[in-house]
Every structure is written in structure tokens, then in C-alpha cells.
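Coordinate inspection notes
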Amino acid sequence: MTPLISICISTRNRASLLVETLASILEQASESTEIVVLDGASTDDTLARVLEVSLRDSRVRLVESTENGGIDVDYDRAV
């Protein structure tokens, strides 16, 4: 199914907060919603935790960046 709405999130080193955020969004989102998470080179376990969520729910798409582009660049990449 082609998503009707995309929620784009740029993050870095926010593992626990991000997992809570994703759980909240997924509870409320329809099957026609996708959540794109761009990880801006986190040094904590953000990448692994988002990957776990994406493996359980196909609405979550993970984009890994090897460098932190800063808030503006990473938000643009996520979109």
C-alpha cells in the first residue's frame, strides 16, 4: 500500500524518548501511515532500538546517516 501520510522524524541520541514516541504514534496511526526515522549518527542505542521497532511494524522506515548533518539538514533528509 502506498502511504497516504508520512511522519518524518530526525533524531540523534534519543533512544528512550524515540521508542515512546513511536509507540504513541503507532497506536494512533492507520495502516496508510508511514513513519520515516532518520538517525543522525547516534552514539547511543537509538539505531538498534528503532530497528527493533521497524522489524515489528512495517510502517516504520529507518534511514541511517553516518554523519550528523545538524537539525536542518537531517530534517530535510528525513522528508
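Our structure is the block above this text.
We now turn to the structure provided with this report. Note that the structure is a prediction, hence the values are computed from the model and not measured.

**Focus: the overall build of the protein chain**
Counting secondary structure elements, the protein chain contains three helices and three strands. The C-alpha atoms of the protein chain give a radius of gyration of 12 Å, which matches the 12 Å a tight globule of 79 residues would have. Principal-axis analysis of the C-alpha atoms gives the protein chain an extent of 30 × 25 × 15 Å. Burial analysis of the protein chain (79 residues in total) assigns 38% to the buried set. Considering only contacts within the protein chain whose residues lie at least 6 apart along the sequence, 76% involve residues at least 24 apart. Looking at the protein chain as shown, the accessible area adds up to about 5000 Å², and 50% of this sits on carbon and sulfur atoms.

**Some thoughts on the pattern of salt bridges**
The final tally for this structure, using the stated rule, is five salt bridges. The closest approach of N and O atoms between R59 and E31, which form a salt bridge, is 4.0 Å. With R59 in the loop between α2 (46-56) and β3 (60-65) and E31 in the loop between α1 (15-28) and β2 (33-40), this pair connects stretches of sequence that are 28 residues apart. Connected through salt bridges with shared partners, the residues E31, D57 and R59 form a single ionic network.

**Things to note about the sheet that holds β2**
Read from one edge of the open sheet, three strands run β1-β2-β3, paired in parallel fashion. Whereas interior strands pair on both sides, the edge strands pair on one side only; in this sheet they are β1 (5-11) and β3. Strand-to-strand, the axes of this sheet are offset by a mean angle of 20°, without reference to chain direction. Sitting on the sheet, α2 touches β1, β2 and β3, and the angle it makes with β3 is about 155°.

**Describing α2**
Residues T46, V50, V53 and S54 constitute the buried set of α2. The arc that holds the buried residues of α2, viewed along the axis, is 100°, so those residues lie on one side. Opposite the packed face of α2, turned more than 90 degrees from it, sit the exposed residues L55 and R56. Of the surrounding elements, those touching the buried residues of α2 are β1, α1, β2 and β3.

Rules used throughout
- Residues numbered from 1 in each chain as written.
- Predicted model: local features only at pLDDT ≥ 70, side-chain atom pairs only at ≥ 80, totals over all residues.
- Heavy atoms only, no water.
- Helix = DSSP H or I, 4+ residues; strand = E, 2+ residues; numbered from the N terminus.
- Rg over C-alpha atoms; globule rule 2.2 N^0.38 Å.
- Buried < 20%, exposed > 50% of the residue type's maximum accessible area, 1.4 Å probe, protein only.
- Contact = heavy atoms within 4.5 Å.
- Areas by Shrake-Rupley, 256 points an atom, 1.4 Å probe, with all protein chains shown as cover.
- Salt bridge = Lys/Arg side-chain N within 4 Å of Asp/Glu carboxyl O.
- Pairing = 2+ DSSP bridges.
- Axes fitted to C-alpha atoms, helices over the stretch in contact; angles between N-to-C directions.
- Arc of directions from axis to C-beta.

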